[in-house]
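# Observations on the model geometry
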Amino acid sequence: MALNILLRFAWMQTVLNFKVSLHRETLAAIVASLEIIRRGIWNIFRLENEHLNNVGKFRAFKSVPLPFNYEDDEDRDV
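Let me begin by describing the structure that accompanies this report. For clarity, every value in this text was computed on a predicted model and none was experimentally measured. (Residues numbered from 1 in each chain as written. Predicted model: local features only at pLDDT ≥ 70, side-chain atom pairs only at ≥ 80, totals over all residues. Heavy atoms only, no water.)

### Examining helix α1 (residues 2–16)
Each turn of an α-helix holds 3.6 residues, which means side chains three or four residues apart point in the same direction. Helix length check: α1, at 15 residues, gives a terminal C-alpha distance of 21 Å against a target of 21 Å (1.5 Å per residue), a fit within 8%. If you check which residues of α1 are buried, you get Asn4, Leu7, Ala10 and Gln13. Of the residues flanking the end of α1, it is Asn17, one or two places downstream, whose phi is positive at about 55°. (Helix = DSSP H or I, 4+ residues; strand = E, 2+ residues; numbered from the N terminus. Expected span 1.5 Å × (residues − 1). Buried < 20%, exposed > 50% of the residue type's maximum accessible area, 1.4 Å probe, protein only.)

### Details of the packing of aromatic side chains
Counting across every chain of the model gives 1 aromatic pair. Ring plane angle 70° and centroid distance 5.5 Å describe the contact between Trp42 and Phe45, whose orientation is recorded as edge-to-face. One end of the pair, Trp42, and the other, Phe45, are both in helix α2 (residues 24–56), 3 residues apart, so they sit about a helical turn from each other. What makes Trp42 partly exposed here is its relative accessible area of 33%. Judged by relative accessible area, which is 39%, Phe45 ranks as partly exposed. (Phe/Tyr/Trp six-rings, centres within 6.5 Å; stacked < 30°, edge-to-face > 60°.)

### A few points about the side chain of Arg38
With respect to the element layout, Arg38 can be found in helix α2. Aside from chain neighbours lying at most four places away, what touches Arg38 is Asn4, Leu7 and Arg8. (Contact = heavy atoms within 4.5 Å.)

### Observations regarding a nonpolar patch on the surface
Together, Trp11, Val15, Leu16, Phe18, Val20, Leu22 and Ile30 give the surface a local cluster of nonpolar side chains, amounting to about 630 Å² of exposed area. The greatest single-element share of the nonpolar patch, amounting to 3 residues, is contributed by α1. Tracing the chain through its elements places Trp11 in helix α1. Classification of Trp11 as partly exposed rests on a relative accessible area of 36%. (Patch = residues over 30% accessible without salt bridge, like charges linked within 9 Å, V, L, I, M, F, W, Y side chains within 5 Å. Areas by Shrake-Rupley, 256 points an atom, 1.4 Å probe, with all protein chains shown as cover. Salt bridge = Lys/Arg side-chain N within 4 Å of Asp/Glu carboxyl O.)

Structure, rendered in structure tokens:
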């Protein structure tokens, strides 16, 4: 992922304080936007990977079982 490396170096320049001809606030806004884009790209990859693993192992459920049982609660009220 060449884009990841490039965006990571853009973020590193804020830590290492390279001399750039832009205003400090403008540069910070640009680098923050690029970091949001980089993290968004990785979130898409993670979501796709999780989806493929769930479908491949048939782990998708229509409903999640609750940690308690309603029938036990009804017996106590009577």
